[in-house]
Amino acid sequence: MKPFPYPIRLFATLVLAVAFTCHASAAPPVPATIPALFISDIHYDPLRDPVLAPRLNAAPASEWSTILATPASPTITEDYAALQKACPTRGYDPDQTLWQSTLAALRVQAVNSRFAVLSGDMLPHNFECRYRFLFPNSTRADYLNFTLNTLRYVVTSLRAALPGIPLYIALGNNDTACTGNSLDPSNDFLALTAKVIAESLPPASGQSILRDFATGGYYSIPMAAPMRHTRLLVVDNLFFLTEYTTCAKKKDYSEETAQIAWLNSQLALARRHHENVWVVGHIPPGVSLYTTFLRHRNVCGGDAPDMSLHSEQFAQSLASNANTVRLALFAHTHSDAFALITPTLGDPGPVPPQSGIGVPVKVVASVSPINGNNPSFTLASVDPATAILRDYTVIESSNLTGIDATWTKQYTYSEDYAEPDFSSRSLSGLIASFRADPNAETPASQAYLAHHYSTGAAAAILKLFWPIYVCAMDHDSSQSFAACSCSSGALPPLP
């Protein structure tokens, strides 16, 4: 067959080009921002009515909703008081009433979310002790089954409230079938939990999650559309925690080493593929101001401050990839906070310590009111093309119980801080303004004090330590924090 004459071939080429252009232009445009949900530290307690415990223990998670809808037993107050005495906690984790109030608020206020991120701690505090108290003859397999049913109940409740969207989940330091702060890598708890996590994500990512999560509670996944060229890296940094032990109560940080190596390889791969990255974990790196002052550390006298994590490797990995990591999401403190991980003194890495370069950190406040804080969740606005968090609003319950509670806006980031986004450059300037205001008198500083914790007394206490707190915001290493705090004369005398 002879080829078509040149004019005809040219005409055909033009037609195909126009058709392709029209097809491409018909593709839906990427929206400027999309809504998302950040939620954390749920700490759901299924044992708040101990009379129901035997029924829950004998039933699959699919039947829990019916059992938990049973009216409270007449002896609930006395029975739970006995449980608290045997296994004390400093307050109360969410019961069914508060959890249902939370879910109802999510159905209304987070209904348009395109994805959700749960940054750890679905299980309640002191859970193993409470279970053993109620079931003294139980086996490890019994407790494992009950923890998995509790996790599954929480996750399926969230999926029912927010149907059809990816739910990206990290584990917290209480999400374990041992005691809190303890977990063995490559154990049956992780392998079984991996299935619950994978069910909440797009099916294509299932096999890699089942493999990696079963090893150490971590996974890598491309974020679903409309997010573009963005990879989510989830770590289980319970293994990095200063207080971490194996289930046999031994110190062993080999899993931390392995997981940091995995993280570095994933970050390098994302950089080669020109992907943006979000990193999600539970425990934020940096200085633990609470324990530093509780233990009377004389930082300016040569004592090292207490650190949240066993080593600074995690923060260094993030800081060294500040041009790739667009956001890091953590929780754990039960308070609303933000920080900037920067390659400062003590944090070596290829990114030079210049203004505006760093990893923005959002610390998500808790649903659990165990510290006396009002339960809350965060509604985010995200740029899907750049993976930058543009804005967020914290939604807070009117009370700690969920009884007749109303959930309303506590604050919106852009309104209270007058920043265009939650990028590293914006946070760098905002933290610099805090540092220039050592007495916390500007509207922005006052806003942070008011929103960090929902009780007024906490704001007054934080104001006393404001310059030190600000140092911890962008000095995530022991050495750099000490240099910042002591050079400013900010550390108060030890009591």
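Scroll up to find the structure.
Residues numbered from 1 in each chain as written. Predicted model: local features only at pLDDT ≥ 70, side-chain atom pairs only at ≥ 80, totals over all residues. Heavy atoms only, no water.

Asks: Please clarify how the environment of Arg-130 should be interpreted in this entry.
Replies: Residue placement: Arg-130 occurs in helix H6 (residues 127-134). On a C-alpha basis, the gap between Arg-130 and Pro-88 in space is 9.0 Å, while along the polypeptide they are 42 residues apart. Sequence-distant contacts of Arg-130, defined by excluding residues within four places in its chain, comprise Asp-45, Leu-47, Tyr-80, Leu-83, Gln-84, Cys-87, Thr-89 and His-125. (Helix = DSSP H or I, 4+ residues; strand = E, 2+ residues; numbered from the N terminus. Contact = heavy atoms within 4.5 Å.)

Asks: Looking at this structure, how should I read the state of the cysteines?
Replies: By definition, a disulfide links the sulfur atoms of two cysteine residues through a covalent bond. With the rule as written, the count across this model stands at four disulfides. Sulfur-sulfur distance for the disulfide between Cys-178 and Cys-247 comes to 1.6 Å. In this structure, the disulfide formed by Cys-178 and Cys-247 twists by about 55° around the S-S bond and is classed as right-handed. Of the two residues, Cys-178 is situated in the loop between strand E3 (167-170) and helix H8 (188-199) and Cys-247 in the loop between strand E5 (230-234) and helix H10 (254-272); the sequence distance between them amounts to 69 residues. Numbered in order of appearance, the disulfide-bonded cysteines of the protein are paired 1-2, 3-4, 5-8, 6-7. (Disulfide = S-S within 2.5 Å.)

Asks: Help me understand the pairing of strand E7 (residues 325-330) in this model?
Replies: Walk down a regular strand and you will see the side chains alternate between the two sheet faces. The buried fraction of E7 is high, at five of six residues. In this sheet, strand E9 (residues 359-363) lies alongside E7 in parallel orientation, the contact comprising three bridges. Opposite Leu-329, over in E9, you have Lys-362 as the bridge partner. (Buried < 20%, exposed > 50% of the residue type's maximum accessible area, 1.4 Å probe, protein only. Pairing = 2+ DSSP bridges.)

Asks: Can you walk me through the packing of H10 against helix H12 (residues 313-320) in this structure?
Replies: When two helices pack together, their arrangement is captured by the angle between the axes and the distance separating the axes. Interhelical geometry of H10 versus H12 gives an angle of 5° and a closest axis separation of 10 Å. It follows from the interaxial angle that H10 and H12 lie roughly parallel. For the pair H10 and H12, contact is made by Glu-256, Ile-260, Leu-263, Asn-264 and Leu-267 and by Gln-313, Phe-314 and Ser-317, respectively. (Axes fitted to C-alpha atoms, helices over the stretch in contact; angles between N-to-C directions. Parallel < 35°, antiparallel > 145°, perpendicular 65-115°, else oblique.)

Asks: Could you clarify how one ought to interpret unusual backbone geometry in this entry?
Replies: Trans peptide bonds make up most of the peptide bonds, and negative phi angles are found at most residues other than glycine. Following Ala-225, the chain continues into Pro-226 via a peptide bond in cis, with omega recorded as 10°. Positionally, Pro-226 belongs in the loop between strand E4 (219-222) and E5. One non-glycine residue, Asn-126, lies in the positive phi region at around 55°. Inspection of the secondary structure puts Asn-126 in the loop between strand E2 (116-119) and H6. In the Ramachandran plot, His-296 falls in the positive-phi region, its phi being about 55° despite a non-glycine side chain. Relative to the assigned elements, His-296 resides in the loop between helix H11 (289-294) and H12.

Asks: Quick question: what am I supposed to make of the side chain of Ser-376 here?
Replies: Positionally, Ser-376 belongs in strand E10 (residues 376-382). Taking relative accessible area as the criterion, Ser-376 reaches 3% and is therefore assigned buried. In this structure Ser-376 touches Ala-365, Ser-366, Val-367, Val-394, Ile-395, Glu-396 and Trp-407, once residues within four positions along its chain are discounted.

Asks: What is the right way to look at the packing of aromatic side chains in this model?
Replies: Each pair of aromatic rings is reported with the distance of its centres and the angle of its planes. In total, this model carries 38 aromatic pairs according to the counting rule given. Through a chain of ring-to-ring contacts, three or more aromatic side chains come together here, namely Phe-338, Tyr-392, Tyr-411, Tyr-413, Tyr-417, Phe-422, Phe-434, Tyr-448, Trp-466 and Tyr-469. In this structure, Arg-48 packs its charged tip against the face of Tyr-80, placed 4.9 Å from the ring centre. (Phe/Tyr/Trp six-rings, centres within 6.5 Å; stacked < 30°, edge-to-face > 60°. Lys NZ or Arg CZ within 6 Å of the ring centre and 35° of its normal.)

Asks: For this particular structure, what's the right way to read the pattern of salt bridges?
Replies: Where charged atoms from two side chains of opposite charge come close, those side chains can pair. Scanning the entire structure with this criterion turns up 14 salt bridges. Here Asp-306 makes a salt bridge to Arg-295, at a shortest N to O gap of 2.6 Å. Of the two residues, Asp-306 is situated in the loop between H11 and H12 and Arg-295 in the loop between H11 and H12; the sequence distance between them amounts to eleven residues. With a relative accessible area of 9%, Asp-306 lands in the buried category. Classification of Arg-295 as partly exposed rests on a relative accessible area of 44%. Between Glu-415 and Lys-409 there is a salt bridge; the shortest N-O distance is 3.0 Å. Assessed through its relative accessible area of 45%, Lys-409 is described here as partly exposed. (Salt bridge = Lys/Arg side-chain N within 4 Å of Asp/Glu carboxyl O.)

Asks: Looking at this model, I keep getting lost on H6. Mind explaining?
Replies: Note that an α-helix has 3.6 residues per turn; residues three or four places apart therefore point the same way. Buried within H6 are the following residues: Phe-127, Arg-130 and Tyr-131. On an axial view of H6, the arc spanned by its buried residues comes to 95°, and they lie on one face. Elements in contact with the buried residues of H6: helix H2 (53-58), helix H4 (76-86) and helix H7 (140-161). (Arc of directions from axis to C-beta.)

Asks: Even after reading the chapter, I still don't get the sheet that holds E9, so can you show me in this structure?
Replies: Sheet strands associate in pairs through backbone hydrogen bonding, adopting either a parallel or an antiparallel arrangement. Here we have six strands laid out as an open sheet, ordered E4-E5-E6-E7-E9-E8, and mixed in their pairing. Both outer strands of the open sheet, E4 and strand E8 (337-341), are each paired with one neighbouring strand and no more. Pairs of neighbouring strands in the sheet enclose a mean axial angle of 20°, with direction left out of account. Sheet analysis places strand E6 (residues 276-280) next to E7, joined by four bridges and oriented parallel. Each residue of the ladder has a partner; that of Val-279, found in E7, is Ala-328.

Asks: Where do I start with the packing of H7 against H8 in this structure?
Replies: As a packed pair, H7 and H8 sit with axes 10 Å apart at the nearest point and diverge in direction by 15°. By the angle class used here, H7 and H8 are roughly parallel. Judged by the twist between their axes, the crossing of H7 over H8 is right-handed. Only Asp-188, Phe-189, Leu-192, Thr-193, Val-196 and Glu-199 of H8 make contact with H7, whose side of the interface consists of Arg-140, Leu-144, Thr-147, Leu-148, Leu-151, Arg-152, Val-155 and Arg-159. (Left-handed = near helix turned anticlockwise from the far one by under 90°.)

Asks: Mind showing me how you'd approach the sheet that holds E3 here?
Replies: Read from one edge to the other, the open sheet built from six strands follows the order E3-E2-E1-E10-E11-E12, with strand pairing classed as mixed. Of all strands in the sheet, those with a lone pairing partner are E3 and strand E12 (407-412), marking the two edges. Shown here is a sheet whose adjacent strand axes are inclined to one another by a mean of 25°, direction ignored. Here E2 pairs with E3 via four bridges, running parallel.

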